[in-house]
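Here is how the chains run, residue by residue.
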Amino acid sequence: MTANRALVRRPSPRLADGLLTHLDRVPVDVGLAGEQWSWYVHALTDNGWAAVEVPAADDCPDSVFVEDTAVMIGTVAVITRPGAESRRLETAGTAEVLAKAGFDVRPMQAGTLDGGDVLKVGDRVYIGRTLRTSAAGIAEFRRIAEPLGVTVIAVPVTRVLHLKSAVTALPDGTFIGYPPLVDDPGFWPHFRPMPEEPGSHVVDLGQDRLLMSSAAPRSAEHIAGLGYTPVPVDIGEFEKLEGCVTCLSVRLRAEPPAPAG
Ligand code: CIR
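Our subject in this report is the structure included herewith. Every value quoted in this text rests on a predicted model; they were computed, and no experiment measured them.

Calculation notes
- Once a new chain begins, its residue numbering starts again from 1 and follows that chain's sequence as written.
- pLDDT decides what is reported in this predicted model: residues at 70 or higher carry local features, side-chain atom pairs at 80 or more are listed and counted, and totals for whole chains, interfaces and linings draw on all residues regardless.
- Hydrogens and water molecules were not included; the side-chain quantities draw on all heavy atoms of the structure.
- Under the DSSP-based scheme used, a helix requires at least four consecutive residues in state H or I and a strand at least two consecutive residues in state E, with every element numbered from the N terminus.
- Relative accessible area decides the class of each residue, using a 1.4 Å probe on protein chains only: under 20% of the type maximum gives buried, over 50% gives exposed, and in between gives partly exposed.
- Note on contacts: a residue pair qualifies if any of its non-hydrogen atoms lie within 4.5 Å across the two residues.
- Working definition of accessibility: Shrake-Rupley area with a 1.4 Å probe, residue cover restricted to the visible protein chains.
- For this analysis, a ring pair means two rings from Phe, Tyr or Trp (six-membered ring only for Trp) whose centres lie within 6.5 Å, classed as stacked if their planes differ by under 30 degrees, edge-to-face if by over 60, and tilted for the remaining angles.
- At least two DSSP bridges between two strands are needed for those strands to be called paired.
- A right-handed crossover is one whose linking path, passing over the helix from the first strand to the second, runs clockwise when the strands point away from the viewer.
- Each reported salt bridge corresponds to a side-chain nitrogen of Lys or Arg within 4 Å of a carboxyl oxygen of Asp or Glu.
- For helices, the axis comes from a line fit to the C-alpha atoms of the stretch in contact; other axes are also lines fit to C-alpha atoms, and the angle between any two N-to-C directions lies between 0 and 180 degrees.

The next thing to look at is the overall build of the protein chain. In terms of helices and strands, the protein chain carries six helices and 15 strands. Scored against the burial criterion, the 261 residues of the protein chain give a buried share of 52%. Taking the contacts inside the protein chain whose residues are at least 6 apart along the sequence as the reference set, 67% of them involve residues at least 24 apart. As presented, the protein chain carries roughly 11,000 Å² of accessible surface, and 52% of it is formed by carbon and sulfur atoms.

Right, here's the structure in full:
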């Protein structure tokens with residue numbers, strides 16, 4: 001297993017039935033979503049991330065949002081218990097791929113937690129307490145993760161679906177978000193406001209390159225002004241379902257030990 005791989009999962013033909021919490025339903029073009037997914041995967045591979053496909057889960061409308069099913073802490077893969085019952089079936093496929101790749105797979109046994117609520121910055125792991133992630137889920141995650149050397153910090157989130165729908169971080173540790181959707185901007189050390197809602201989500205591709213939604217050109221310009229290279233990608237069909245750039249992949253940065261024998 002080489003480093004710099006990313007899990008992705010092809011959209012279900014039932015994508016348009018995906019869950020909505022804060023947005024009104026608008027028609028989703030499933031064909032266009034498939035193309036956008038390919039562009040997203042290309043943006044990863046063009047920037048040095050080999051894509052590892054989790055087999056598609058055609059009966060699970062939200063399965064493309066693979067981030068919600070696993071959280072990586074080095075070579076440990078915490079398999080989540082998604083807050084929406086309809087999404088629980090999605091985790092088995094992710095767990096299987098990660099186990100086969102040699103990661104130490106640890107399924108959560110209690111509470112609920114979505115990967116979209118987990119923001120890792122160095123050895124700190126911020127977890128959104130949301131409609132999807134319960135107090136018991138945070139406690140369970142803490143039980144699994146803290147012995148691995150990280151500190152878990154819980155953050156109440158009320159205005160968006162997941163913590164990372166509101167706040168993500170630049171490689172230098174600056175937190176970014178769109179203030180009307182951030183519960184308490186003052187909570188975050190070094191908070192930098194972004195001028196557009198989709199501008200609050202970045203995926204660190206390494207080498208100062210940041211994957212972002214093409215729906216946030218002014219935020220991209222702002223981020224470019226900080227010395228980073230934005231990599232814009234059109235994920236409009238997924239944004240209609242409360243998805244963002246983070247939720248379409250899980251980056252695997254650590255290399256699991258080679259199997260014995
Ligand atoms: C859901 O409500 O579960 C999906 N429609 C969207 C999930 C987006 N996931 C994420 O941001 N991590």
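The next point concerns the packing of aromatic side chains. Two numbers describe a pair of aromatic rings. These are the distance of the centres and the angle of the planes. Enumeration according to the criterion identifies six aromatic pairs in this entry. Note on Y126 and W188: the rings are 5.0 Å apart at their centroids and 55° apart in plane angle, and the pair reads as tilted. Here Y126, found in strand β7 (residues 124-129), pairs with W188, found in the loop between β10 (175-177) and β11 (191-193); they are 62 residues apart in sequence, far enough to count as distant. Pairwise contacts between aromatic rings join Y126, F175, F187 and W188 into one cluster.

Time to look at the pairing of strand β1 (residues 5-8). Alignment of β1 against strand β2 (residues 50-53), held across four bridges, turns out to be parallel. Counterpart to L7 in the pairing with β2 is V52. Of the crossover connections in this fold, the one passing from β1 over helix α1 (residues 30-46) to the parallel β2 is right-handed. Relative to strand β15 (residues 250-252), β1 runs antiparallel, the two sharing three bridges. Looking at β15, one finds that A6 is bridged to R251.

Tallied over the entire structure, the rule returns 12 salt bridges. Between E96 and K100 there is a salt bridge, with its nearest N and O atoms 3.8 Å apart. Taken as a pair, E96 and K100 lie in helix α2 (residues 91-100) at a separation of four residues, close to a single helical turn. Across the pair E237 and K240 runs a salt bridge, and its minimum N-O distance is 3.0 Å. Take K240: its relative accessible area is 26%, and that puts it in the partly exposed class. By sharing partners, the salt bridges in this structure join D68, R87 and E90 into a single network.

In this structure, H190 is a non-glycine residue whose phi angle is positive, near 55°. Looking at the secondary structure, you find H190 in the loop between β10 and β11. Overall, H190 belongs to the exposed group, its relative accessible area being 62%. Here the phi dihedral of Q207 falls at roughly 50°; this positive angle occurs in a residue that is not glycine. Positionally, Q207 belongs in the loop between β12 (203-206) and β13 (209-213).

Read from one edge of the open sheet, three strands run β6-β7-β8, paired in mixed fashion. Looking at strand neighbours, the two that pair on one side only are β6 (118-121) and β8 (151-156), the edges of this open sheet. In this sheet, neighbouring strand axes are inclined to one another by 25° on average, regardless of whether the strands run parallel or antiparallel. Examined bridge by bridge, β6 and β7 share four bridges and lie antiparallel to one another. Along β7, the bridge assignment pairs V121 with R124.

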